[in-house]
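# An overview of the molecular structure
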Amino acid sequence: MKVENGNDNVDVVLDVRNFASSGSDGYTTTTGSNGQAYSYRYTGGTDDAGGVEQTADGESGTITVTVGLDPRYQVDRVDFTGDIESQLSWAAGPSPRIAVITDSDTSSGDGAYAVIVKDTTANCTLPCDPPIKNKPVGQTQTK
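My aim in this report is to walk through the structure given alongside it, one point at a time. Keep in mind it's a predicted model, so treat the numbers as computed, not measured.

Attention now moves to the nonpolar core. With 25 residues, the main nonpolar core has Leu14, Val16, Tyr42, Val65, Tyr113, Val115 and Val117 as its most contacted residues. For this core, the secondary-structure elements that each account for two or more residues are strand E1 (9-17), strand E3 (37-44), strand E5 (61-67), strand E6 (73-82), strand E8 (98-103), strand E9 (109-119) and strand E10 (124-128).

Turning to the packing of aromatic side chains, a few remarks are in order. By the definition in use, this model includes 2 aromatic pairs. Taking 6.1 Å as the distance between ring centres and 85° as the angle between the ring planes, the aromatic pair formed by Tyr42 and Tyr113 counts as edge-to-face. You can see Tyr42 sitting in strand E3 and its partner Tyr113 sitting in strand E9, a full 71 residues away along the chain. Since its relative accessible area comes to 5%, Tyr42 is described here as buried. Members of the aromatic cluster, each reached through a chain of ring pairs, are Tyr40, Tyr42 and Tyr113. Between the NZ or CZ atom of Arg17 and the centre of the ring of Tyr27, over which it lies, the distance is 3.5 Å.

Here we have 6 strands laid out as an open sheet, ordered E2-E3-E1-E5-E8-E7, and mixed in their pairing. Because the sheet does not close on itself, it has two edges, and the strands there are strand E2 (28-31) and strand E7 (88-92). Between one strand axis and the next, the sheet turns by 30° as a mean value, whatever way the strands run. Both E1 and E3 contribute to a ladder of 6 bridges, which runs antiparallel. Residue Val16 lies in a different strand from E3, and its bridge partner there is Tyr40.

Cut-off values and rules
- Residues numbered from 1 in each chain as written.
- Predicted model: local features only at pLDDT ≥ 70, side-chain atom pairs only at ≥ 80, totals over all residues.
- Heavy atoms only, no water.
- Core = buried A, V, L, I, M, F, W, Y, C linked by side-chain atoms within 4.5 Å.
- Buried < 20%, exposed > 50% of the residue type's maximum accessible area, 1.4 Å probe, protein only.
- Helix = DSSP H or I, 4+ residues; strand = E, 2+ residues; numbered from the N terminus.
- Phe/Tyr/Trp six-rings, centres within 6.5 Å; stacked < 30°, edge-to-face > 60°.
- Lys NZ or Arg CZ within 6 Å of the ring centre and 35° of its normal.
- Pairing = 2+ DSSP bridges.
- Axes fitted to C-alpha atoms, helices over the stretch in contact; angles between N-to-C directions.

Below, the structure written as structure tokens:
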């Protein structure tokens, strides 16, 4: 995996709030398993919004996702979809707020990862999902 800056590893931060987005604050509204509105915003990645685009060069790389500073939010699991789903896997990081996604980068295509966050205070989960794209070798990165 090579992103435009040549680094094989990408960092992403996920900020979660226990209320809906105002629509102009850069957050996306989602619904928790308890039926309540939450909102989230990704920063980092190759698009500074949690999305990752890299070259499918067969060199594995990682996407380290850290759930913001509020300890009530932890990573429950990471789900994958899309035509590169088989190239993606994840493992828990050194804290309950970190997930490390590995992309084997063996072929080009589109996919998505959804970090399923657990709200330990409300005892529910909520999905938060930006895209992953593996572009063919030689294709320029899009923003």
